[in-house]
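# Report on the structure
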Amino acid sequence: MILPYAEPYKIKMVEPMYPSRRIDREQWIKEARFNLFNLKSHQVFIDLLTDSGTGAMSQEQWGAMMTGDESYAGSHSFEMLKDTITSMTGFPYILPTHQGRAAENVLFSVMVRAGDVVPGNSHFDTTKGHIEFRKATAFDCTIDAAGDTANHHPFKGNLDMGKLENVFQVYGRERIPMIIVTITCNTNGGQPVSMENLKEVRSFADRYGIPVIFDAARFAENAYFIKNREKAYKRHSIRQIVKEMFSLADGMTMSSKKDGIVNMGGFIALNDETLYRQATTFNIMFEGYITYGGMSGRDMAALARGLEEGTTFEYLESRIKQVHYLGGLLRDRGIPVQEPFGGHAIFVEAGKFLPLVPREEFVAQTLALELYLESGVRAVEIGTLLADRDPETRENRYPRLEMVRLAIPRRVYTRNHMDYVAAALSNVFERRQAITRGYRILYEAPLMRHFTIELEKMP
Ligand code: F0G
């Protein structure tokens, strides 16, 4: 018998969870104005809102916390972190920030101007937010296969080189400050970008003399997929693949809360000294001095260790197999999910799941709310609410796919929890014909509305 995969860690400390009754959840979600972000954590049983900052640290990481150096300048913990990042990525210049969007804020303060166009593969919402806040435009060049959940393309995060070329033809090199490649591509399902595609983007960028920046929050998961799905890399170690990936970029922004397996943190890493020097001014203004940038010494120490652990094959295999286990259960029950399964989450296609709910009534949010009411499982909408309004026309932007994301925190939940989630979603699936109406907006913020939106149920 082939031995099944098993987690390469065991549990030393536990945290209570909060089962609840449907009648209570109905009350709580009404009080939360049907916004899942407004729920208190004790009103949630299994929390799949995000895999960001929700992972479990190892005993070595907790040990490192005790030896963190809290010196304002020249902290030893910073040196450790810097050495780890440089040896892993090859980038010599490192600026810590308090999280990923802060890294975007600092770097884009240098690089993005009003009227610019920033092409990439389905930019994450904070990335797009920081671009649009500067009156620039994020241009999505993801391959078309990403828009079809049943298409089994192994690298649905890839950029379409034709679309990229077209952006350069239409807007011209002068208006394009960089190309951003998000690895893995969160917005369309945690989908990886192939090494082949990263190489194509690199040589394209070289032709125009333009920097390539990776949004690298889930770079280790991307490396795992390259190892598993790209023949030439089958025998490479994760660390070799990581090094080669980053050799194809000029720099990166990082949310350390994902593949760094820490609860808070981020950084910028760069090749170019001039760009680094320009960014340091903004880092000092917005984040903190250049050797801490919004992180305490102990957090930098835990991150250095987390990056090491997060790039081991054994860890990544159990992490991604857990996500795929959940995906397999849902698929086997006929639930429409983005395939192949991505790295950090399973994306359920709400438009197909609830075909009777009109798009204008936020079908993905409707499904996420039904799942919560059914079971106390909290997921997140990746649909029209997240896509926000067009900054010029103020019309709703309807994305290609209306999705509900079940993001799996790292090293936190067990297989029984996955079984529970699958059963809960199956129950909603069984009664899908009875779900015909969604929600309407009572309040929304002008930018990134989904976090604070308030809704009411359609009669
Ligand atoms: N880039 C990507 C690809 C992300 O997924 C995120 C965050 C960020 C940048 C911003 O990083 O949160 O540290 O400021 N994603 C979280 C999520 C919030 O739930 O997917 P941050």
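Residues numbered from 1 in each chain as written. Predicted model: local features only at pLDDT ≥ 70, side-chain atom pairs only at ≥ 80, totals over all residues. Heavy atoms only, no water.

### Some points on the overall build of the chain
This is how the line gets drawn: Secondary structure elements follow DSSP: runs of H or I no shorter than four residues count as helices, runs of E no shorter than two count as strands, and numbering proceeds from the N terminus. Within these notes, the globule rule equals 2.2 Å times the number of residues to the 0.38 power, and the radius of gyration is based on C-alpha atoms. Relative accessibility thresholds used throughout: buried, under 20% of the residue-type maximum; exposed, over 50%; partly exposed, between the two (1.4 Å probe, protein chains only). Per-residue accessibility takes into account occlusion by the displayed protein chains alone, with areas from the Shrake-Rupley method and a 1.4 Å probe. Under the counting rule used here, the positive set is Lys and Arg, the negative set is Asp and Glu, and His together with the chain ends is not counted. To locate a charge, the coordinates of NZ of Lys, CZ of Arg, CG of Asp or CD of Glu are taken.
Counting its regular elements, the chain contains 16 helices and 12 strands. In terms of overall size, the chain behaves like a compact globule, its C-alpha atoms giving a radius of gyration of 21 Å where 459 residues would be expected to give roughly 23 Å. Within the chain, the proportion of its 459 residues that are buried is 57%. About 19000 Å² of surface is accessible on the chain, with carbon and sulfur atoms providing 53% of the total. Separation between the mean location of the 55 positive side-chain charges and that of the 57 negative ones in the chain comes to 2 Å.

### Description of the packing of helix H8 (residues 219-229) against helix H9 (residues 238-247)
This is how it is decided: Axis definition: a line fitted to C-alpha atoms, over the contacting stretch in the case of helices. Angles run 0 to 180 degrees between N-to-C directions. Angle categories are assigned with fixed cut-offs, so that under 35 degrees is roughly parallel, over 145 is roughly antiparallel, 65 to 115 is roughly perpendicular, and the rest are oblique. Should any heavy atoms of two residues lie within 4.5 Å, those residues are counted as being in contact. Nonpolar residues are Ala, Val, Leu, Ile, Met, Phe, Trp, Tyr, Cys and Pro. Charged residues are Asp, Glu, Lys and Arg, and all others, Gly as well, are polar.
Their axes nearest at 9 Å, the elements H8 and H9 cross at an angle of 110°. In terms of their interaxial angle, H8 and H9 are classed as roughly perpendicular. Touching Phe219, Asn222, Ala223, Tyr224, Ile226 and Lys227 of H8 are Ile238, Ile241, Val242, Met245 and Phe246, all from H9. Residue classes in the contact of H8 with H9 are distributed as 9 nonpolar, 1 polar and 1 charged.

### Points about the layout of surface pockets
Stated precisely, the cut-off is as follows: Using a 1 Å grid laid over the protein atoms alone, points where a 1.4 Å probe fits but cannot get out form a cavity; open sets with protein on both sides within 12 Å along at least 5 of 7 lines form a pocket; any residue with an atom within 4 Å of a point counts as lining. Grid points are joined across faces, edges and corners, and a volume is the space filled by probe spheres set on the points.
Estimates place the volume of the largest pocket at around 1500 Å³. For the largest pocket, the lining is made up of 38 residues, of which Met13, Ala56, Met57, Arg411 and Val412 are closest to its centre. Of all the secondary-structure elements, those providing two or more residues to the lining of the largest pocket are helix H2 (59-66), helix H11 (297-310) and helix H12 (313-332). It is H2 that provides the largest number of residues to the lining of the largest pocket, a total of 3 residues. The residue makeup of the lining of the largest pocket, split by class, is 18 nonpolar, 10 polar and 10 charged. As for the second largest pocket, its lining consists of 38 residues, and the residues nearest its centre are Lys128, Glu132, Ala138, Ala387 and Arg397. Looking at the lining of the second largest pocket, the elements that each hand over two or more residues are helix H5 (125-133), strand S3 (137-140) and helix H15 (384-387).

### Notes on the domain arrangement of the chain
In plain terms, the rule: Each domain's extent was defined by an automatic or database domain assignment. A quick way to say it: buried area is the sum, across both parts, of accessible area lost when two parts are put together, with a 1.4 Å probe. Here, a salt bridge means any side-chain nitrogen of Lys or Arg that lies within 4 Å of a carboxyl oxygen of Asp or Glu.
Partitioning the chain into domains gives domain 1 (22-51 + 313-457) and domain 2 (59-310). When each unit is reduced to the centre of its C-alpha atoms, the spacing between domain 1 and domain 2 is 26 Å. Taken together, the contact between domain 1 and domain 2 spans 34 residues of the former and 41 residues of the latter. Between domain 1 and domain 2 the total buried area reaches about 2900 Å² when both faces are included, carbon and sulfur atoms providing 53% of it. Three residues, Leu316, Pro340 and Arg400, lead the burial of domain 1 against domain 2; their summed loss comes to 20% of the area buried on that side. If you look at where domain 1 meets domain 2, you find 7 salt bridges. Across the pair Glu309 and Arg411 runs a salt bridge whose closest N-O atoms are separated by 2.9 Å.

### A short note on the site of the ligand
In plain terms, the rule: Nearness is defined per residue: one heavy atom within 4 Å of the molecule or strand is enough. Between N or O atoms, a polar contact is any pair within 3.5 Å; within protein, one atom must be a potential hydrogen donor and the other a potential acceptor, and residues adjacent in sequence are included only when both atoms are from side chains.
Around the ligand, the surrounding shell holds 16 residues, and the nearest of these are Thr50, Arg101, Asp215, Ser255 and Lys258. Here an oxygen atom of the ligand sits 2.7 Å away from a polar atom, N or O, in the side chain of Thr50. Here a nitrogen atom of the ligand and a side-chain polar atom of Asp215 are 2.7 Å apart. Isolated, the ligand exposes 470 Å² of accessible area, and the fraction of that covered by the protein chains is 94%. Among the elements that make up the shell around the ligand, the one with the highest residue count is helix H4 (residues 100-111) (3 residues). Class assignment of the residues belonging to the shell around the ligand gives a composition of 1 nonpolar, 8 polar and 7 charged.

### Focus on the packing of aromatic side chains
How we decide: When two rings of Phe, Tyr or Trp (its six-membered ring) have centres within 6.5 Å they constitute a pair, described as stacked for plane angles under 30 degrees, edge-to-face for angles over 60, and tilted for the intermediate range. Put simply, a charge is over a ring when the Lys NZ or the Arg CZ is close to the ring centre, within 6 Å, and near the line of the ring normal, within 35 degrees.
One pass over the structure, following the stated rule, counts 17 aromatic pairs. Judged by centre distance (5.0 Å) and plane angle (70°), the ring pair of Tyr72 and Tyr292 falls under edge-to-face. Taken together, the residues span a long stretch of sequence, with Tyr72 in the loop between H2 and helix H3 (76-89) and Tyr292 in the loop between helix H10 (273-286) and H11 at a distance of 220 residues. Through a chain of ring-to-ring contacts, the aromatic side chains of Phe91, Phe214, Phe219 and Phe246 assemble into a single cluster. Positioned over the ring face of Phe313 is Lys227, at 5.5 Å from the centre of the ring. It is Arg415 that lies over the ring of Tyr325; its NZ or CZ is 4.0 Å from the centre.

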